[in-house]
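Residues per chain, in single letters:
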Amino acid sequence: MTHSLENDIKPAFLKPLLSPMHEKGIEDDPNEDTEWNDALRSFGIIPPKEKQRDEVEEMVLRLQEEAKVKPYEKMNLVELKEAEDEFDEEDERAIEMYRRKRLAEWQARQTKSKFGELAELQGDEYVKQITYAGEEIWVILHLYRPGIPMCILINHHLSQLAKKYPETKFMKAIANICIPNYPDKFLPTIFVYFEGQMKARFIGLECGAPDLKLEELEWKLANSGAIKTCLEENPKKKIADMMTSSIRDCSIQYSSKNDQKQT
């Protein structure tokens, strides 16, 4: 048996008041501010009046919504990778830009927190600093003896290169402390390691001439793989080319003078 809303919900004293209005087809606006609507709301006959938002409130709410931190801005790189399928298409570009930003920040922190200086290697630290330097780590070790001019020059150059290439570990060690009885005739000596394995070595004059330039040493180490240089060609080649050109010019001038004398 079906019961009418009036019989089941509305109080008995309201029935006489409602019936004539329904018979006349009069419909009330439930949101209208009248005593009648207030009475109906108090008995739960009509729903509570909807709260009207003014224009200013709408603007404030909209700004608050726009200012909310996107969920991906709270994530690290690993979490971004795991949740990338859960985002809407419209967020994909923003997520990619944010990922690149986080990656750049991470790389900057990693680079800054690594090396960046020519450190002194103690005799008992060889295994720790060289053999177990870590994955993807290049190590440049200079064996030297105080007082040898070429060793002093190379230490100076390596100090500058260490600042320029902080992702590579630059180290120096007094030769006979690192390797007992290491002969001075082999100095300076440069060893290049990658993940604990020796990849290159430069002994004595192989390190360079007494007038070794910074760029020449940089090029030599770059060829070993230890650093990634911006140099496009061997600086030594430029010097050789200049010397060859100078010799050629002198030869031409000498030949011209001889020709003039013969005539």
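Residues numbered from 1 in each chain as written. Predicted model: local features only at pLDDT ≥ 70, side-chain atom pairs only at ≥ 80, totals over all residues. Heavy atoms only, no water.

**Structural notes on the overall build of the protein chain**
Logical step 1: Looking only at helices and strands, the protein chain has 11 helices and 5 strands in total.
Logical step 2: Burial analysis of the protein chain (263 residues in total) assigns 29% to the buried set.
Logical step 3: Long-range pairs, those at least 24 residues apart, make up 58% of the contacts in the protein chain between residues at least 6 apart in sequence. (Helix = DSSP H or I, 4+ residues; strand = E, 2+ residues; numbered from the N terminus. Buried < 20%, exposed > 50% of the residue type's maximum accessible area, 1.4 Å probe, protein only. Contact = heavy atoms within 4.5 Å.)

**Structural notes on the environment of alanine 133**
Logical step 1: Tracing the chain through its elements places alanine 133 in the loop between helix H7 (126-131) and strand E2 (138-144).
Logical step 2: Taking the C-alpha atoms as reference, alanine 133 lies 6.4 Å from glutamate 195; in sequence the two are 62 residues apart.
Logical step 3: Dropping the residues within four chain positions of it, alanine 133 is found in contact with Lys128, Val139 and Lys169.

**Looking at the pairing of strand E5 (residues 197-203)**
Logical step 1: Bridge analysis of strand E4 (residues 189-194) against E5 gives 6 bridges, and the strand direction is antiparallel. Note that in E5 the partner of phenylalanine 194 across the bridge is glutamine 197.
Logical step 2: Between E4 and the antiparallel strand that follows it, E5, lie 2 residues; glutamate 195 among them carries a positive phi value of about 55°. (Pairing = 2+ DSSP bridges.)

**Re the packing of aromatic side chains**
Logical step 1: Per the counting criterion, the structure on display carries 4 aromatic pairs.
Logical step 2: Note on tyrosine 182 and phenylalanine 186: the rings are 6.0 Å apart at their centroids and 65° apart in plane angle, and the pair reads as edge-to-face.
Logical step 3: The exposure class assigned to phenylalanine 186 is partly exposed, which follows from its relative accessible area of 34%.
Logical step 4: Where phenylalanine 191 meets tyrosine 193, the ring centres are 6.3 Å apart and the plane angle is 75°; that geometry is what we call edge-to-face.
Logical step 5: On the basis of relative accessible area, phenylalanine 191 is assigned to the buried category, the value being 9%.
Logical step 6: Taken together, Tyr126, Phe191 and Tyr193 form an aromatic cluster joined through their ring pairs. (Phe/Tyr/Trp six-rings, centres within 6.5 Å; stacked < 30°, edge-to-face > 60°.)

**Quick notes on the nonpolar core**
Logical step 1: Ranked by internal contacts, the top residues of the largest apolar core, which has 41 residues, are Leu143, Leu158, Phe170, Ile190 and Leu221.
Logical step 2: Aside from chain neighbours lying at most four places away, what touches phenylalanine 170 is Glu117, Leu118, Ala119, Ile140, Leu158, Leu161, Ala162, Tyr165, Leu221 and Ile227. (Core = buried A, V, L, I, M, F, W, Y, C linked by side-chain atoms within 4.5 Å.)

**Regarding the environment of tryptophan 138**
Logical step 1: Residue placement: tryptophan 138 occurs in strand E2.
Logical step 2: Excluding residues within four positions of it along the chain, tryptophan 138 makes contact with Thr168, Lys169, Val192, Tyr193, Phe194, Lys199, Ser224, Gly225 and Ala226.

**Considering unusual backbone geometry**
Logical step 1: With an omega of -5°, the peptide bond between leucine 187 and proline 188 qualifies as cis.
Logical step 2: By secondary structure assignment, the location of proline 188 is in the loop between helix H9 (175-178) and E4.
Logical step 3: Not every positive phi belongs to a glycine, and glutamate 136 is a case in point at roughly 60°.
Logical step 4: Turning to its location among the elements, glutamate 136 is positioned in the loop between H7 and E2.
Logical step 5: Judged by its relative accessible area of 57%, glutamate 136 falls in the exposed class.
Logical step 6: At glutamate 195, a residue that is not glycine, the phi angle is positive and equals roughly 55°.
Logical step 7: With respect to the helices and strands, glutamate 195 occurs in the loop between E4 and E5.

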